[in-house]
Each structure stands twice: as C-alpha cells, then as structure tokens.
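The primary structure of each chain is shown beneath.
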Amino acid sequence: MKSELFINGAWVAAQSGGMIDVIDPASEQVVHQIASAEAADIDAAVKAAKSAFDAGTWSGMTGAERAKVLRNIATNIEARTEELARLEVLDNGKPLPEARWDIEDAAACFNFYAGLAEELDAEDAQNITVSDDRFTTRVVKEPVGVVGAIIPWNFPLLMAAWKVAPALAAGCTMVLKPSEVTALTALELGDIAQKAGLPDGVLNIVTGFGPSAGQPLTEHPDIDKLAFTGSVTTGSRIMQSAAKDIKNLSLELGGKSPFVVFGDSDIEQAVEWIMFGIFWNQGEVCSATSRVLVEDTIYEKLVARLELEARKITIGDGMDEGVLLGPLVNKSQYDKVLGLIATGVEEGARLVCGGAHTDICKGYFVAPTIFADVDENSVIWQEEIFGPVVCLKSFSSESEAVRLANDSEFGLAAAVMSKDDARCERVARALRAGIVWINCSQPTFVEAPWGGYKKSGIGRELGQWGLNNYLETKQITRFDDNSPWGWYLKQADNQTG
Ligand code: TXE
C-alpha cells in the first residue's frame with residue numbers, strides 16, 4: 001500500500017511529515033497511514049503539472065499517442081482488479097462484488113476516453129462557414145491546461161477515473177486530491193499510470209484534508225480548471241475560490257433523487273429497483289433514489305413487500321461472501337446517518353424497519369432503513385442522507401407525483417416506473433433532473449452524460465460531455481483574399497479627404 005504523495009513522477013513524504021490514519025470501517029481498526037499534504041506540497045504538485053503542461057510532453061502529443069497510454073492504464077487496472085477491489089473494500093467498506101464493478105468500470109472509462117482522444121485528431125481543424133467568404137475560419141479543440149481535481153470517498157477509484165481519463169485524453173495535466181477517507185486506490189493509480197508510460201508531472205496525486213490540502217489547490221493561481229465531486233457546502237466554497245481567478249469549473253454535487261412508481265407497475269420489479277436504488281453501495285451514492293413516490297392504489301402493498309425484502313439483506317464486512325450491505329465509510333458519516341434517522345422519527349415519519357445495526361459489535365453498520373408516510377416538508381424528505389435510508393410517500397395523480405418529485409433543491413437523477421410508455425415519457429420530460437431512468441434506477445454508462453440540475457451541480461461528466469469539460473475551443477480565422485480589405489483605410493481616406 002502506498003502512503004506518500006506522487007509528485008512529478010516520484011513518491012515523496014509530505015513536507016510537514018504529517019500523516020492521516022486509514023481506518024477499516026468494518027473493524028474500526030487503523031490499517032495504514034497516508035501523507036497529509038499541505039499548501040507547500042500542493043504548490044510543488046501544481047508546479048510539476050504546470051511544467052509538464054508547458055513542456056508539451058503530453059499536451060503536444062497526438063490524440064492517438066495519448067490513447068496508447070490511456071489503454072495501457074486500462075490494461076494495468078484490469079490486471080490488478082482483485083487487488084484494487086480489496087483495497088477499496090478495506091478503505092470504503094463496500095461489498096467486494098460491488099468493488100469489482102467499480103474497478104472494471106474505471107478500466108472501461110480509460111478505454112472509452114482513449115477512443116475519444118483518437119477522435120480528437122480527426123475532429124481537429126474543422127472549417128466552419130462564416131458570413132464573409134474572403135475569410136476562412138476553423139475551430140480547434142485544445143486542452144484547458146492544469147486541472148485540479150477533488151474527489152469524494154464513495155467510489156474512490158471510479159471517481160478518480162471519471163476525472164483523470166477525460167482530462168488526460170484532452171491533453172491536460174493535473175493534480176488529483178482524493179478524499180482523505182479513501183485514498184488507497186487513487187495512490188495506486190499513480191503507479192499504474194507511470195508504468196503505463198505517462199510522462200512525469202502529468203498526473204500528480206496528493207492526499208490530504210479538505211481545508212489544508214483541497215483549499216490551497218482550489219486557490220492556486222496556476223490551476224486553470226477545477227473539477228469537483230462532493231457535498232454542496234464544499235462545492236459552494238470551491239466555486240467561491242474559482243471566482244477569484246475566473247477558473248473554469250465543473251461540479252457534481254449531492255442529490256435527493258425521486259423514484260415515481262405508478263399503480264400499474266409490477267410490484268416485484270418495483271421493489272427490486274427501489275432496493276437497488278437506495279441500498280447498493282450502502283446508499284452512499286449521489287444519484288440514490290432516496291425519495292420514493294408510490295401511487296396510493298399499491299402503496300401499502302409495496303411498503304410491505306419492500307420491508308420483507310429489506311430485512312433479508314445480509315449486512316457485514318464487505319470482504320465476506322454473500323454480504324450485500326457493508327459498513328458506512330466512517331464514524332462521521334455513521335453519526336450523520338443515525339442522526340437523520342432519529343430526526344425522521346422525531347418528525348413523525350413511520351419507521352418501518354432499520355436504524356443502527358448492533359448485531360455486529362464493531363464497525364459503522366446501519367441496517368436498511370425504510371420510512372413510510374414521510375412529510376414532504378420534513379428534513380428526511382428534503383436533505384441528502386447518503387446512507388441506506390429510503391423515504392416513501394403516496395400520491396394520487398400524475399401531476400401530484402411530478403410536483404412532489406420536483407420539490408427539491410437538487411436535480412441530479414430521477415426514476416419513473418409504469419407500464420404506460422406514453423406516461424413514462426411525459427413524466428421523464430417533466431422531471432427536473434439531469435438523468436432520468438424509466439422502469440429502472442441507477443444504470444450508468446460511460447457513453448452517456450452525467451450531472452445535475454439545480455444544486456446538484458454544473459456541467460456534465462462522462463461521454464463526449466466529459467471530454468469537453470477539459471477542452472478549450474479556439475477559432476482560427478484567416479483572411480484569404482489577395483485584394484486589400486479596404487474598410488479601415490477607406491474610412492481614414494474619407495475622413496482626411
Ligand atoms: O464531503 P466533502 P464529506 C455528501 C454526502 C455526505 C456529505 C459530507 O451527503 O454526507 O457530502 O461528506 C474535499 N476545499 N457527499 O464531508 O467535504 C475533501 O477532502 C477543497 C456527496 O466527505 O464535500 C474530499 O476530497 N476541498 C458526494 C472532497 O472535498 C475540500 C460524495 C469531498 O468532501 C474542502 C461525498 C475545501 N474547503 C459526499 N473541504 C457526491 N456528490 O457523490 C473538503 N474538501
């Protein structure tokens with residue numbers, strides 16, 4: 001396991017010598033330590049990224065040359081899938097099969113952006129038609145420069161891949177700050193990228209706390225673009241830092257995504273997608289469909305079926321066979337989630353099942369929790385809980401369902417289920433969210449845009465949209481005519497004559 005900072009192709013200790021404990025959330029044991037970077041380390045990492053960018057060792061390559069390295073990274077990740085997945089479980093707590101998906105998806109993300117890097121070569125220098133045919137205008141895409149990326153702890157390597165792969169494909173260099181809570185696989189990515197042939201200084205990885213490492217990164221004058229995934233509070237702070245230098249910015253923030261289930265739905269299918277939508281990854285998912293609106297004709301039946309299935313979920317150490325729900329990532333998330341469950345009870349919502357899982361004496365375990373009859377103005381209906389806690393409410397008409405679904409400060413994702421296709425399409429268009437799932441919840445594809453409306457963020461990751469985050473668009477306009485342009489000199493002549 002790596003513990004040092006990866007700066008300019010070398011592994012170095014934090015200048016202050018500070019370290020952060022790595023805690024296994026299933027056992028609450030300290031299993032490792034990682035360096036705690038501060039402003040001086042961040043400055044060294046940004047300088048390395050800037051020198052690499054200015055030297056053109058990466059940004060000056062063709063897309064095809066960059067694609068080769070990206071594919072090597074993907075291959076190297078694939079070759080280490082099991083080891084990386086186990087590190088993820090140790091750090092984050094998620095069940096091992098889910099960690100394996102993450103690693104496979106991370107590799108797929110590098111392969112996908114390798115393809116887009118190659119396409120960039122073909123797209124380069126497209127002429128566009130302008131209104132005066134004596135001029136020729138072409139448009140080129142160029143890397144935005146040095147990227148500062150800050151990521152959270154819920155999908156550690158995958159969130160790194162969502163930012164590193166498109167940024168590298170675009171030709172940017174970067175400084176990546178993983179969450180202080182789950183940095184182990186991001187550090188391995190430094191090693192993987194170096195072995196894949198990435199030039200020194202192109203990708204720098206610094207571990208550290210938000211205020212002491214993240215903040216100096218967001219404020220550094222040599223950072224051209226900030227890419228962030230995390231909480232709304234921190235996103236807002238980062239936006240304020242970016243405002244000082246008008247830094248390019250993309251934000252993927254929280255969510256409180258609704259799932260609208262109409263009365264004609266198959267209840268078994270609805271239960272399965274609702275469970276997946278809130279219990280996978282312990283509900284620590286920005287797009288978790290945590291507010292479920294059910295038509296009153298099937299409401300009580302569905303609540304009862306959901307309870308039955310939720311109680312069957314095996315809770316335990318993510319390393320153990322058959323576990324579907326691991327511990328929450330750390331003590332502070334555990335306390336937050338249990339605090340919000342207590343709030344829900346105080347607010348008068350019906351606690352169907354769940355709460356702290358005390359069968360296991362160590363670890364941050366919360367049982368699958370279902371609240372029914374939740375008031376639309378209550379804290380648990382409106383706030384992101386980020387744990388295995390689902391809130392249900394009934395509705396009696398399509399318009400009421402849409403109104404309740406959209407009554408949120410967030411707008412990341414939403415889901416709708418019905419056998420009536422026309423209704424699904426209508427509701428999908430009426431929902432104010434960046435991602436809408438019909439008859440399912442949570443499928444995520446590297447080819448499709450990801451991001452939210454309202455307080456859920458700015459910009460889109462993944463697909464072509466994710467690449468555009470890291471590209472500047474430049475027009476180059478040439479005067480092709482041999483005859484004089486004549487406008488300025490003619491005006492001047494008129495004035496003197
Ligand atoms: O998030 P933070 P936290 C939500 C979720 C969770 C809550 C708090 O509701 O309960 O946020 O989690 C870095 N300048 N999400 O405290 O603080 C930090 O070091 C620069 C939703 O972990 O946003 C980490 O790398 N950086 C979310 C990253 O920001 C700073 C996923 C995220 O941490 C910083 C995670 C600062 N001043 C939590 N302060 C999602 N959308 O998926 C912190 N950081």
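Given the structure is predicted, the values throughout are model-derived calculations rather than measurements. (Residues numbered from 1 in each chain as written. Predicted model: local features only at pLDDT ≥ 70, side-chain atom pairs only at ≥ 80, totals over all residues. Heavy atoms only, no water.)

(A) Looking closely at the nonpolar core. By size, the foremost hydrophobic cluster in this structure holds 113 residues, and its most contacted members are Ile73, Ile77, Phe110, Tyr113 and Leu392. When residues of this core are assigned to their parent elements, the largest contribution, 13 residues, is made by helix H4 (residues 96-123). Both domain 1 (5-253 + 456-476) and domain 2 (258-438) contribute no fewer than three residues apiece to this core. Discounting residues that sit within four places of it in the chain, Ile77 has contacts with Leu84, Ile103, Ala107, Phe110, Leu157, Leu189 and Ile192. Phe262, Ala349, Ile380 and Phe395 belong to the second largest nonpolar core, which has 29 residues in total. (Core = buried A, V, L, I, M, F, W, Y, C linked by side-chain atoms within 4.5 Å. Buried < 20%, exposed > 50% of the residue type's maximum accessible area, 1.4 Å probe, protein only. Helix = DSSP H or I, 4+ residues; strand = E, 2+ residues; numbered from the N terminus. Domains from an automatic or database assignment. Contact = heavy atoms within 4.5 Å.)

(B) How the structure looks around the site of the ligand. Around the ligand lies a shell of 27 residues, among which Trp153, Glu180, Ser231, Lys336 and Glu384 are the nearest. The contact in question runs from an oxygen atom of the ligand to an N or O atom on the side chain of Trp153, over 2.6 Å. One of the side-chain nitrogen or oxygen atoms of Thr234 is found 3.0 Å away from an oxygen atom of the ligand. Computed on the free molecule, the ligand has an accessible area of 810 Å², of which 88% lies beneath the protein chains in the complex. For the shell around the ligand, the secondary-structure elements that each account for two or more residues are helix H7 (210-219), strand S10 (225-229), helix H8 (232-245) and helix H11 (331-346). Looking at side-chain class alone, the shell around the ligand contains 10 nonpolar, 11 polar and 6 charged residues. Mapping the shell around the ligand onto the domain boundaries places at least three of its residues in each of domain 1 (5-253 + 456-476) and domain 2 (258-438). (Near = heavy atom within 4 Å. Polar contact = N/O pair within 3.5 Å; in protein donor to acceptor, adjacent residues only side chain to side chain. Areas by Shrake-Rupley, 256 points an atom, 1.4 Å probe, with all protein chains shown as cover. Nonpolar A, V, L, I, M, F, W, Y, C, P; charged D, E, K, R; others polar.)

(C) The pairing of strand S15 (residues 366-372), seen in detail. The buried fraction of S15 is high, at 7 of 7 residues. Bridge count for strand S14 (residues 350-356) against S15 is 5 bridges, and the pairing is antiparallel. When the sheet's bridge partners are listed, Gly355 is paired in S15 with Ala367. The pairing of S15 with strand S16 (residues 389-395) spans 3 bridges and is classified as parallel. Residue pairing across strands places Thr369 opposite Val389, the latter belonging to S16. (Pairing = 2+ DSSP bridges.)

(D) Main features of the side chain of Thr218. Relative to the elements of secondary structure, Thr218 occurs in helix H7. For Thr218, a relative accessible area of 2% gives the class buried. At 2.7 Å, the side chain of Thr218 and the backbone oxygen of Gln215 are in polar contact. Contact partners of Thr218, with chain neighbours within four places excluded, come to Ile150, Leu226, Ile238, Ser241 and Lys247.

(E) Region of interest: the sheet that holds strand S19 (residues 435-438). Strand order across the open sheet formed by 7 strands is S14-S15-S16-S13-S12-S18-S19, with mixed pairing between neighbours. Edge positions in the sheet fall to S14 and S19, since each has one partner strand and no second. Averaged over all neighbouring strand pairs, the angle between strand axes comes to 15°, with direction disregarded. Judged from the 3 bridges that link them, strand S12 (residues 258-261) and strand S18 (residues 413-417) form a sheet pairing that is parallel. Counterpart to Val260 in the pairing with S18 is Val416. Helix-sheet contacts for H11 involve S14, S15 and S16, and the interaxial angle to S15 is about 30°. (Axes fitted to C-alpha atoms, helices over the stretch in contact; angles between N-to-C directions.)

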